[in-house]
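Examining the three-dimensional arrangement
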Amino acid sequence: MKTIAVANQKGGCGKTTTAVNLAAALAVGGARVLLVDLDPQGHATLGIGHDPDKLDRTIGDAMVDRHVSINDVTLETQIVGLSLAPSNIMLGTVELDLRDRTGKELVLGEKLRMVSSQYDYCVIDCAPPLSLLMLNALVASSSVVITVQTHYYAIEGLKRLLETIHIVRKRFHPCQVKALGLLLTFVEDRTLLCRQVQQQLREFFGNLVFDTVIHRNVRLAEAPSAGESIFTYAPTNKAAEEYMNCSKEVVKRLSQLEVQDGQE
Ligand code: ADP
Ligand code: MG
């Protein structure tokens, strides 16, 4: 199983939208996928069709309780091959519950390892930056997709996030996490600012920026209210094509990372 965290340094950058639709795209392509909602807001849970207020258990129970496995909390979704480890506001207590535990940054990775033969990919919708939940996500992952809202001049914040990933890899052995790439979201071809920011990001970060971009698209904003990914909500829409291309580029970049790791 390859574990991919979807992260950024700010809210509202299309992180949850990307986690849900990337996970769905991989499953539509035939892979077995586990979507982990690691944000206490439970938006990914809601966005794939489960009510966060009606959960018996969350991913937090698997993280805190040694006797609860990921399989005990996992729910099926409308999409064949896509399972969900859900979240709600209760996930917020994980930070307190794990406070005195040694290796508290490692618990998610340990639990995911136990189900790694059941899935091809695990996609994690990350928690707020610099929280214990976010650290757990980074430590558990082999790669990070960083979503970037193209309206903001974001280079400083992105450099910090890339540094954080680097520090986590060094500090938490045997963590292998690497940035897989920057995915530009909310792209609007007609706005000058958007074009400028895109150009600056490509000049500064080079190949790290995904070729695929996700345009601003009202269907992507509507789909979560129906509890659906774009692949069932509007399967012929351009946004579905873009997230399918994104998933193909993720797979390609993962195999390139493997080659690099082999050469190191
Ligand atoms: P984050 O998880 O980073 O906070 P979200 O994925 O929840 O960001 O996106 C923030 C809001 O923008 C949500 O209401 C979402 O539906 C909407 N949204 C996300 N991506 C797009 C897009 N490409 N076009 C239009 N709306 C989008
Ligand atoms: Mg979110």
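Preceding this section is the structure that the text describes.
The sections below set out a description of the structure shown in this document. Numbers given to residues run from 1 along each chain, matching the order in which its sequence is written. Following the order in which they are written, the chains are lettered starting with A and the ligands numbered starting with 1. In view of the model being predicted, local features appear only for residues whose pLDDT reaches at least 70, and side-chain atom pairs are presented and counted only at 80 or more, with totals across whole chains, interfaces and linings using the full set of residues. The side-chain quantities take in all heavy atoms of the structure and omit both hydrogens and water.

**What about the site of ligand 1?**
Whether a residue is near a molecule or strand depends on its heavy atoms: it is near if one of them lies within 4 Å of it. In the neighbourhood of ligand 1, 15 residues make up the surrounding shell, with G12, C13, T16, T17 and N217 lying closest. Contact distances for ligand 1 include 2.7 Å between an oxygen atom and a backbone N or O atom of G12. As used in this structure description, the phrase polar contact means that two N or O atoms lie within 3.5 Å; if the pair is within protein, one of them must be able to donate a hydrogen and the other to accept it, and residues adjacent in sequence are counted only when both atoms belong to side chains. Between a nitrogen atom of ligand 1 and a main-chain N or O atom of H215, the distance comes to 3.1 Å. Coverage of ligand 1 by the protein chains reaches 78% of its 550 Å² of free accessible surface. Computed with the Shrake-Rupley method and a 1.4 Å probe, the accessible areas treat only the protein chains shown as cover for residues.

**Focus: the sheet that holds strand β2 (residues 33-37)**
In short, DSSP must find at least two bridges between two strands for them to pair. Helix and strand definitions follow DSSP, with helices as H or I runs of at least four residues and strands as E runs of at least two, each counted in order from the N terminus. An order of β3-β4-β2-β5-β1-β6-β7-β8 is seen for the 8 strands of this open sheet, with the pairing classed as mixed. Two strands in the sheet have a free side with no partner beyond their single neighbour: β3 (75-76) and β8 (209-215). Where β3 and strand β4 (residues 82-85) come together, 2 bridges link them in antiparallel fashion. Along β4, the bridge assignment pairs E76 with S83. Helix-sheet contacts for helix α7 (residues 132-140) involve β1 (2-7), β5 (121-125) and β6 (143-149), and the interaxial angle to β1 is about 145°. Residue contacts are counted whenever heavy atoms from the two residues lie within 4.5 Å of one another. Lines fitted to the C-alpha atoms define the axes, with helices restricted to the stretch that makes contact. Angles between their N-to-C directions range from 0 to 180 degrees.

**A closer look at the nonpolar core**
Within the largest apolar cluster, 53 residues are counted, with the highest numbers of intra-cluster contacts made by V36, L38, I59, L112, I124 and I146. Considering every element that reaches this core, the biggest residue donor is α7, with 7 residues. Not counting residues within four places of it along the chain, the set of residues in contact with L38 comprises I59, M63, L91, L108, I124, D125, C126, A127, L133 and A137. With 37 residues, the next largest nonpolar core counts A19, A24, V145 and A234 among its residues. Here the nonpolar core consists of buried residues drawn from Ala, Val, Leu, Ile, Met, Phe, Trp, Tyr and Cys, with membership extended through side-chain atoms lying within 4.5 Å. The cut-offs for exposure are 20% and 50% of the maximum accessible area for each residue type, with area from a 1.4 Å probe on protein chains only; residues under the lower value are buried, those over the upper are exposed, and the others partly exposed.

**Structural notes on the pairing of β6**
Counted residue by residue, β6 has 7 buried out of 7 residues, so it is predominantly covered. Of the two faces of β6, the one lined by S143, V145, T147 and Q149 and the one lined by V144, I146 and V148 are each fully buried. Summarising the sheet, β1 and β6 pair through 4 bridges and their orientation is parallel. Looking across to β6, one finds that V6 is bridged to V145. Where β6 meets strand β7 (residues 178-187), 7 bridges bridge the pair, whose relative direction is parallel. Counterpart to T147 in the pairing with β7 is L183. As for the winding sense of the linkage, the β-α-β connection from β6 through helix α8 (residues 155-171) to β7 is right-handed. Whether a crossover is right-handed depends on one test, that the path from the first strand over the helix to the second runs clockwise when the strands point away from the viewer.

**Brief notes about the environment of I48**
You can see I48 is positioned in the loop between α2 (43-47) and α3 (59-64). Each C-alpha atom of the pair I48 and I165 lies 28 Å from the other, and the pair is 117 residues apart in sequence. Discounting residues that sit within four places of it in the chain, I48 has contacts with V20, L35, T77, L82, L84, G227 and S229.

**Digging into α7**
Residues three or four positions apart in an α-helix share a direction because the helix packs 3.6 residues into each turn. Most of α7 is tucked away: 8 of the 9 residues are buried. Residues of α7 that are buried include every one of L132, L133, M134, N136, A137, L138, V139 and A140, and no others.

**Focus on unusual backbone geometry**
Of the consecutive residues H173 and P174, the connecting peptide bond is found in the cis state with omega at 5°. Mapped onto the secondary structure, P174 falls in the loop between α8 and β7. Non-glycine residue L130 carries a positive phi angle of around 65°. Looking at the element boundaries, L130 is found in the loop between β5 and α7. Positive phi outside glycine occurs at F186, with the angle close to 55°. By the secondary structure assignment, F186 is in strand β7.

**Concerning the packing of α8 against helix α9 (residues 192-205)**
Relative to each other, α8 and α9 sit at 35°, their axes nearing to 11 Å. Of the two possible hands of crossing, α8 and α9 adopt the one that is right-handed. Contact with α8, carried on its side by I155, L158, K159 and L162, involves Q200, L201, F204 and F205 of α9 and no other residues of that element. Working rule for handedness: look at the near helix, and if it is turned counterclockwise from the far one by less than a right angle, call the crossing left-handed; if clockwise, right-handed.

**Observations concerning the state of the cysteines**
Cysteine sulfur atoms that come within 2.5 Å of each other are treated as a disulfide pair. One pass over the full model with this rule turns up 0 disulfides. With no disulfide of its own, C126 lies closest to C122 among cysteine sulfurs, the gap being 10 Å. Sulfur of C175: no disulfide; nearest cysteine sulfur belongs to C126 and is 12 Å away. Residue class for C175 comes out buried when judged on its relative accessible area of 6%.

**A word on the pattern of salt bridges**
It is possible for side chains of opposite charge to pair when their charged atoms get near one another. A pairing counts as a salt bridge when a side-chain nitrogen of Lys or Arg comes within 4 Å of a carboxyl oxygen of Asp or Glu. Applying the stated criterion across every chain, the model contains 9 salt bridges. For D120, the salt bridge goes to R32, with nearest N and O atoms at 3.2 Å. Here R32 lies in the loop between α1 (15-28) and β2 and D120 lies in the loop between α6 (107-113) and β5, a separation of 88 residues in the sequence. Owing to a relative accessible area of 37%, R32 belongs among the partly exposed residues under this scheme. As a salt-bridge pair, K238 and E242 come within 3.0 Å of each other at their nearest N and O atoms. With K238 and E242 both in helix α12 (residues 238-263) and 4 residues apart, this pair spans about one turn of that helix. According to the relative accessible area criterion, E242 is buried, its value standing at 7%.

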